[in-house]
Amino acid sequence: MTTQVAVDIDGRRVTIPAGTTALDAADAAGVRIPTLCHHPDLRDVGSCRLCMVEVEGQAGLQAACTYPVTADLRLRTDSPRVVDARRGVLELLMGEHPDRCPECVRTGECELQALATEYGVGPAPARVSRPLQLVDLLGPAVTVDLDACIGCLRCVRTCAELQDLGILGVVGRGSSTAVSTYLGLPLAEVSCIACGQCINRCPTGALRPVDRTAELFAALADPTKHVVIQTAPAPRAAIGEEFGFEPGTPLTWQLNTALRRLGFDRVFDTSFAADLTVIEEGAELLVRLYENLVLGSSTHPLPLLTSCSPGWVTDLEHRDPDHLAHLSSCRSPQQMFGSLIKTWYAQQEGRDPADIVSVSLMPCTAKKFEATRPELTHDGRPDVDMALTTRELAAMMRARGIGLADVPASDFDDPFGTASGSGVIFGVTGGVMESALRTVIELVTGRPAEDYFSHADITPVRGFEGVRSIEVTLDRVGPVPPILAHLLPNLEWLRGTTLRCAVAHGTANAHAVMEDLRAGGRFSTYHFIEVMACPGGCLGGGGQPVPTSATVRAARARSIYAEDARYGQTGRARKSHENPAVLRLYRDLLTDGPGGPTSHRLLHTTYTGRGTYVGATR
Amino acid sequence: MTVRTPMTLSAVEAGAGLRAALSRPPAEVVDQMVASGMRGRGGAGFPTGLKWRLAAEADAPDGRRYVVCNADEGEPGTFKDRVLLAKHADLVLEGMTIAGYAIGAREGLLYLRAEYVYLRDSLLDSLRERREQGLLGREVAPGFDFDIRVHMGAGAYVCGEESALLESLEGRRGEPRDRPPYPVVRGLHGAPTVVNNVETFAWATAVLARGPEWFASIGTHRSTGPKLLSVSGDVARPGVYEFPLGVPIAEVLRAAGGTDAKAVVVGGAAGSCVPASEFGRTVSYEDVATGGAFIVLGPDRDLIDVAENVAEFFADESCGQCAPCRLGTVALLDGVRRLRAGNCTPDDVARLRRLGATMRLTSKCGLGQSSPNVFLSLLEHFPADMRVPVGTGGE
Ligand SMILES: Cc1cc2nc3c(=O)[nH]c(=O)nc-3n(C[C@H](O)[C@H](O)[C@H](O)COP(=O)(O)O)c2cc1C
Ligand code: SF4
């Protein structure tokens, strides 16, 4: 039981639990206090000093973000002294900030720019530069422009505390204080997983994804190129935020039209490949269960860990290479799709793969790195030529005057058509697990998933709890379905088995699970664990619109679950193994079935132990 | 460094203070410190007895409390703690033990300035001897175990700031913490912690040995007791001096042989510059406070050199954590250089004043808050030295 205290903020009164920060108290009272270092996902450190307020009875000013209100008191957030102090700090920040806003990726969304405008602080006439160590921190997906860094340390806190990675830190003292990697090494040479969570929380354009949109514009303008794009569900639930829509406005079908207007020749749905992933990974799970539980072999150990999140895959390669055998051999949906486009699709269309530019719209910066992996190429050409983030696509659309309001809806292109609802929920933490369980339950028991979970909504794996568990008892088994007939003799051995599954999102939670697993704890007895590198899953990815917060992520999740539900209401498939386009692919191309040699060649992959810290091989 | 005046501490009998403390309940030891009126000797001048009481009464979830001796002595122009550690280490260690008993701590840490590493061996010898004599270790008194470790600093001025010091002790970058909570409530490893200056602990031993009334009879009503001053600069006899608090600046100058001084920087880089016209003012918490630094500037000094030197110091020593200090110290240094070059308009000077005010008001810790002090006091008292363009009115 916490005591309540009454706070008067600029004349507005609120009652809040003792210990609430002055900033949160003001928020509760509807008073906005400007900040740059505060972020709702991060621990407060009080470093930007913009949120200074007057606390009754105290001589100086206090930083609202770190000042705990422990007794009834009065706060002023708008006195001349406070406003002057704030403007003074903004003048300092603008005084060393490069005067090149118009060409910055963050212009219009930059928090420093917004506050400077609000307080009427222009760029400094004579910039007082500090002797920054301008180290080249370029990675394969993330790049750092220290010149635009305002030292708020959100990135450092994101990396060390939110994600438990600790790639970015602070070096130097005084005027040479700077954000850096270990020894100032490029991000490509330390164990950065390119999740881009730092980018999403950077208030300025100091952190940014490696941008190849100029190249893409050129390809779109080149008539000899056949430019195709696959769009993942998470960007579709978020891109509206870039165009003034409320978070969670679903714009999947409008975006299809906009992409065609931008010049893409075909628009495909990554969720199709997600459905494919469910079949391949579901089959892999059942085979592993058979090997471990019946044959007593642990060559492919349990629990099976999902491999759709490239940040997570790289994380495991760096930090826990001894457990790579747990990782599903399935490529991520992006890469399954990329592989199919450059082979089967090219063949179907009678095109030279060299003329196809395969683009993906992803919520993710790690996808950029994933697309460069040598094991994901054919004949020396990457399967996916360019992974575009949500923010990058929005900027491209703005540059061409294409919006999303009043744009007619249109469908995805054949031959991949529309996916199932299961493929759509891949965009949210727990979605892969839910999709896989829907399919595994039906294939094993021969009964509809609805018999086990109302509307086949597997709600225990939904939500944003860091780690969530679910147990599913396979109380009955059916005959081996044809799609699995080449893999398993029967399913009798599964009768009565309780599948123990878990979901973790954010690498900090993943690390906790892996630590327990290594120590032989509860998770070492699990069968299947979904891991996403980013908090919230793909919808919270490093390429998604800013700002991000728990509220924004929840809105995006609602939109994704609603889309899945609508698939059911409109008679479309909600389960991956019911997706007609996927079944057609197994009939026409992957004729040796899930996990068969063709699948392995096109849809599965291998991993590389990298080790931590310095000298990691990329 | 030469000691120029008789030192009261030399006459304090070793062991008497601790014996006196252990003969009464801990709360009474705190009461004695409160009655002495003593305020911290490190610079900020927080009442020592109150600090001990707050730490003793704070909730200690795992029962742990700590005593930390701040021997970082980084303030430019301060060297009196070095003398104490070299000549009266036993009184300092005894004071820490008394504090440990008073607040219920079992562990003390002495954070030693990196440059004082040459004092480390003798401190370790003193600790060993005290353990052998039963003055440290198990059962110093029935139910009271207490021991002290020495921890080396690494050369950052900001680590003398108590919360940055605690961060450093915990193995992190020495960056000041947000307060509240104060160290007395949540200090080292989250436990209630008393951080005191070297000199504070030495005088605490004297207070217990001689009684709080004796201590309170020296100095002024609000600044009790004697104080060590590190006198340097343009004087005939630099060194460590002991004066009762409340001593006029002119008297210190007379003793040290610097009566022709143009100004005195009291309190070091973080202090303020007192012009000759105000030498009647006193060294005390109610007037011109100092942790010990007393830097005398002779008649031939160009004070803009002082301003630039101090500004350079802060631009280097800011921990870089918070915006107004990290950026403001650089902007201030830039301003001083522009003044010197004659490149400042009256508007620019006004802007620099406002910058100083912003830094005072918004910086997170004492370093940033006090960094414009010398600059602002020089602007006020020595506009000619500071090349303030004519036509600039004081604000
Ligand atoms: C930048 C900065 C540097 C400081 N350096 C020292 C120091 O070297 N020694 C010291 O005793 N106090 C120093 N202090 C003061 C300490 O924060 C703290 O107030 C003091 O150790 C408390 O001890 P006292 O109450 O006995 O004076 C410094 C403060 C600041 C802001
Ligand atoms: S005022 Fe300066 S030294 Fe203190 S926390 Fe801020 S940057 Fe660091």
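What you see is a predicted model; the values in this text were computed from it and never measured.

**Some thoughts on the pattern of salt bridges**
All told, the structure shown has 81 salt bridges over all chains when counted by the stated rule. Asp31(B) is the partner of Arg53(B) in a salt bridge, and the nearest nitrogen-oxygen pair spans 2.7 Å. Taken as a pair, Arg53(B) in helix H3 (residues 48-57) and Asp31(B) in helix H2 (residues 26-36) lie far apart in primary sequence, 22 residues in all. Here Asp31(B) falls in the partly exposed class, since its relative accessible area comes to 37%. The residue Glu162(B) makes a salt bridge to Lys51(B) at a minimum N-O spacing of 3.9 Å. Here Glu162(B) is found in helix H7 (residues 162-169), whereas its partner Lys51(B) is found in helix H3, with 111 residues between them in sequence. The class for Glu162(B) is partly exposed, based on a relative accessible area of 24%. One network of salt bridges, in which partners are shared, links Glu434(A), Arg438(A), Asp457(A), Arg462(A), Asp564(A) and Arg574(A).

**Some details on the site of ligand 1**
All names here are of chain B. Around ligand 1, the structure places 20 residues, and the nearest of them are Gly 42, Asn 70, Asn 196, Asn 197 and Thr 200. Gly 42 is positioned such that a nitrogen or oxygen atom in its backbone is 2.6 Å from an oxygen atom of ligand 1. In this structure, a nitrogen atom belonging to ligand 1 sits 3.2 Å away from a main-chain N or O atom of Gly 160. When isolated, ligand 1 has an accessible area of 610 Å², and the protein chains bury 90% of it. For the shell around ligand 1, the elements supplying multiple residues, two or more each, are strand E5 (193-197) and helix H14 (366-370). Looking at the shell around ligand 1, the element that brings in the most residues is E5, giving three residues. Each residue belonging to the shell around ligand 1 can be placed in one class, and the counts come to four nonpolar, ten polar and six charged.

**Concerning the confidence of the model for chain A**
Taken residue by residue, chain A gives an average pLDDT of 93. The fraction at 70 or more is 97%. Within the model, pLDDT remains below 50 along residues 130-135 of chain A, and this stretch shows 21 contacts once partners closer than five positions in the same chain are excluded.

**Some points on the nonpolar core**
Residues and elements named next belong to chain B. Counting 74 residues, the largest nonpolar core has Leu 339, Phe 375, Leu 378 and Met 386 as the members making the most contacts within it. Excluding its chain neighbours within four sequence positions, the residues that come into contact with Leu 339 are Ile 304, Cys 344, Val 349, Leu 352, Phe 375, Leu 379, Met 386, Arg 387 and Val 388. Residues Ile 98, Tyr 116, Phe 144 and Leu 208 belong to the second largest nonpolar core, which totals 56 residues.

**Focus on the domain arrangement of chain B**
Residues and elements named next belong to chain B. Here the domain parsing of chain B yields domain 1 (8-216), domain 2 (226-297) and domain 3 (303-381). Placing a centre on the C-alpha atoms of domain 1 and another on those of domain 3 gives a separation of 33 Å. When the buried area of domain 1 at its contact with domain 3 is split by residue, Tyr 157, Val 158 and Pro 176 rank highest and sum to 52% of it. At the boundary of domain 1 and domain 3, one finds one salt bridge.

**A look at the UniProt feature "domain: 4Fe-4S His(Cys)3-ligated-type" (unreviewed entry) in chain A**
When the UniProt feature table is mapped onto this chain numbering, "domain: 4Fe-4S His(Cys)3-ligated-type" (unreviewed entry) sits at residues 81-120 of chain A. Regarding residues 81-120 of chain A, the helix share stands at 57% and the strand share at 0%, and the terminal C-alpha atoms are separated by 16 Å.

**Quick look at the sheet that holds strand E17 (residues 467-473) of chain A**
All names here are of chain A. With mixed pairing, four strands are arranged side by side in an open sheet as E12-E19-E18-E17. Bordering the open sheet on either side are strand E12 (304-305) and E17, each of which pairs with just one other strand. Inspection of the sheet shows strand E18 (residues 498-505) paired to strand E19 (residues 528-532) by five bridges, in the parallel sense. Across the sheet, His 505 pairs through a bridge with Met 532, a residue of E19. The strands touched by helix H15 (residues 431-445) within the sheet are E17, E18 and E19, with E19 carrying the most contacts at an inclination of about 150 degrees. Its contacts with the sheet put helix H16 (residues 507-518) on E12, E17, E18 and E19, and the angle it makes with E18 is roughly 140 degrees.

**Details of the side chain of Thr314(A)**
The topology assignment puts Thr314(A) in helix H10 (residues 310-319). In this structure the side chain of Thr314(A) is engaged in a polar contact, spanning 3.4 Å, whose partner is the side chain of Arg373(A).

**Let's talk about empty space enclosed by the protein**
All names here are of chain A. Scanning the entire structure with this criterion turns up ten cavities of 30 Å³ or more. The space that makes up the largest cavity amounts to roughly 260 Å³. Taken together, 27 residues form the lining of the largest cavity, with Cys 308, Pro 363, Lys 367, Met 532 and Cys 538 sitting closest to its centre. Taken together, the elements giving at least two residues each to the lining of the largest cavity come down to helix H9 (270-294), H10, helix H11 (333-349) and helix H12 (366-371). Sorting elements by how many residues they give to the lining of the largest cavity places H9 first, with three residues.

**Thoughts on unusual backbone geometry**
Residue and element names in this part refer to chain A. Of the consecutive residues Leu 302 and Pro 303, the connecting peptide bond is found in the cis state with omega at -5 degrees. As for its placement among the helices and strands, Pro 303 is situated in the loop between H9 and E12. Of note, the bond from Asp 414 into Pro 415 is cis; its omega dihedral lies within 30 degrees of zero at 10 degrees. The residue Pro 415 is located in the loop between helix H13 (390-399) and helix H14 (421-424) in this model. Despite not being glycine, Leu 153 shows a phi value in the positive range, around 65 degrees. Examined against the element boundaries, Leu 153 turns out to sit in the loop between strand E6 (142-144) and helix H4 (154-162). Given the relative accessible area of 14%, Leu 153 is considered buried. A positive phi angle, near 60 degrees, is found at Leu 183, a position not held by glycine.

**Comments concerning the interface of chain B and chain A**
Counting from both sides, the interface comprises 28 residues of chain B and, opposite them, 30 residues of chain A. A per-residue breakdown of the area chain B buries against chain A is headed by Arg326(B), Leu327(B) and Leu361(B), which together make up 25% of the total. On inspection of chain B and its partner chain A, the count reaches two salt bridges. The residue Glu96(A) makes a salt bridge to Arg326(B) at a minimum N-O spacing of 3.9 Å. At the junction of chain B with chain A, the criterion picks out ten residue pairs in polar contact (both at pLDDT 80 or more). Counting only elements with at least two residues in the side of chain B that touches chain A, the list comes to helix H11 (303-317), helix H12 (323-340) and helix H13 (346-362) of chain B. Here the element with the most residues in the side of chain B that touches chain A is H12(B); it accounts for eight residues.

**Things to note about the environment of Phe528(A)**
Residues and elements named next belong to chain A. As for its placement among the helices and strands, Phe 528 is situated in strand E19. Residue classification places Phe 528 among the buried residues on the basis of a relative accessible area of 2%. It is 17 Å that separates the C-alpha atoms of Phe 528 and Val 294, two residues lying 234 residues apart in sequence. Ignoring anything within four residues of it in the chain, the contact list for Phe 528 reads Glu 281, Leu 285, Pro 303, Leu 304, Thr 306, Met 433, Ala 436, Arg 500, Cys 501 and Ala 502.

**Overview of the pairing of E18(A)**
One face of the sheet, then the other: side chains in a regular strand alternate in exactly this way. The buried fraction of E18(A) amounts to six of the eight residues, a majority that puts the element mostly inside the structure. Read from E18(A) through H16(A) to E19(A), the crossover connection turns out right-handed.

**Details of the site of ligand 2**
The local shell around ligand 2 holds 13 residues, among which Cys319(B), Cys322(B), Cys325(B), Cys365(B) and Gly368(B) are the closest. Of the residues contributing to the shell around ligand 2, the split by class is seven nonpolar, five polar and one charged.

**Things to note about the environment of Asp84(A)**
With respect to the secondary-structure elements, Asp84(A) resides in helix H2 (residues 80-95). Once the C-alpha coordinates of Asp84(A) and Lys225(A) are considered, the two residues, 141 residues apart in sequence, prove to be 57 Å apart.

Criteria and cut-off values
Sequence positions are assigned chain by chain, starting from 1 and proceeding in written order. Lettering for chains starts from A, numbering for ligands starts from 1, and both go in the order in which the items are written. Where local features are concerned, this predicted model is filtered to residues with pLDDT of at least 70; where side-chain atom pairs are given and counted, the filter is 80 or more; whole-chain, interface and lining totals use all residues. No hydrogens and no water enter the side-chain calculation; it runs on all heavy atoms of the structure. Counted as salt bridges are all cases of a side-chain nitrogen of Lys or Arg within 4 Å of a carboxyl oxygen of Asp or Glu. For the purposes of this entry, the term helix denotes a DSSP run of H or I that reaches at least four residues, the term strand denotes a run of E that reaches at least two, and both are numbered from the N terminus. Summary of the burial criterion: residues with accessible area below 20% of their type's maximum are buried, those above 50% are exposed, and those between are partly exposed, where the area comes from a 1.4 Å probe applied to protein chains only. For each residue, the test is whether any non-hydrogen atom lies within 4 Å of the molecule or strand; if one does, the residue is near. Any pair of nitrogen or oxygen atoms within 3.5 Å is treated as a polar contact; in protein, a donor-acceptor pairing is required on top of that, and neighbouring residues in sequence qualify only through side-chain atoms on both sides. All accessible-area figures derive from a Shrake-Rupley calculation using a 1.4 Å probe, and residue coverage is judged against the displayed protein chains alone. Three categories are distinguished: nonpolar for Ala, Val, Leu, Ile, Met, Phe, Trp, Tyr, Cys and Pro, charged for Asp, Glu, Lys and Arg, and polar for the others, with Gly belonging to the last. On a scale of 0 to 100, pLDDT captures the predictor's confidence in every residue. Note on definitions: a residue-residue contact is assigned when non-hydrogen atoms from the two residues lie within 4.5 Å. Nonpolar cores are built from buried Ala, Val, Leu, Ile, Met, Phe, Trp, Tyr and Cys residues. Side-chain atoms within 4.5 Å join them into one set. Reported domain spans reflect what an automatic or database domain assignment gives. The quantity reported as buried area is the accessible area (1.4 Å probe) lost by two parts once they are put together, taken as the sum for both. UniProt positions are given in the numbering used here, feature names are shortened, and annotations may be inferred rather than shown by experiment. We treat two strands as partners when DSSP finds at least two bridges between them. Under this scheme, a helix contributes an axis fitted over its contacting stretch, all axes are lines through C-alpha atoms, and angles between N-to-C directions fall in the 0 to 180 degree range. Only protein atoms enter the calculation, which uses a 1 Å grid: trapped sets of points that fit a 1.4 Å probe without letting it out are cavities, open sets showing protein on both sides within 12 Å along at least five of seven lines are pockets, and any residue with an atom within 4 Å of a point is a lining residue. Grid points are joined across faces, edges and corners, and a volume is the space filled by probe spheres set on the points. Throughout, right-handed denotes a crossover for which the path from the first strand over the helix to the second runs clockwise when the strands point away from the viewer.

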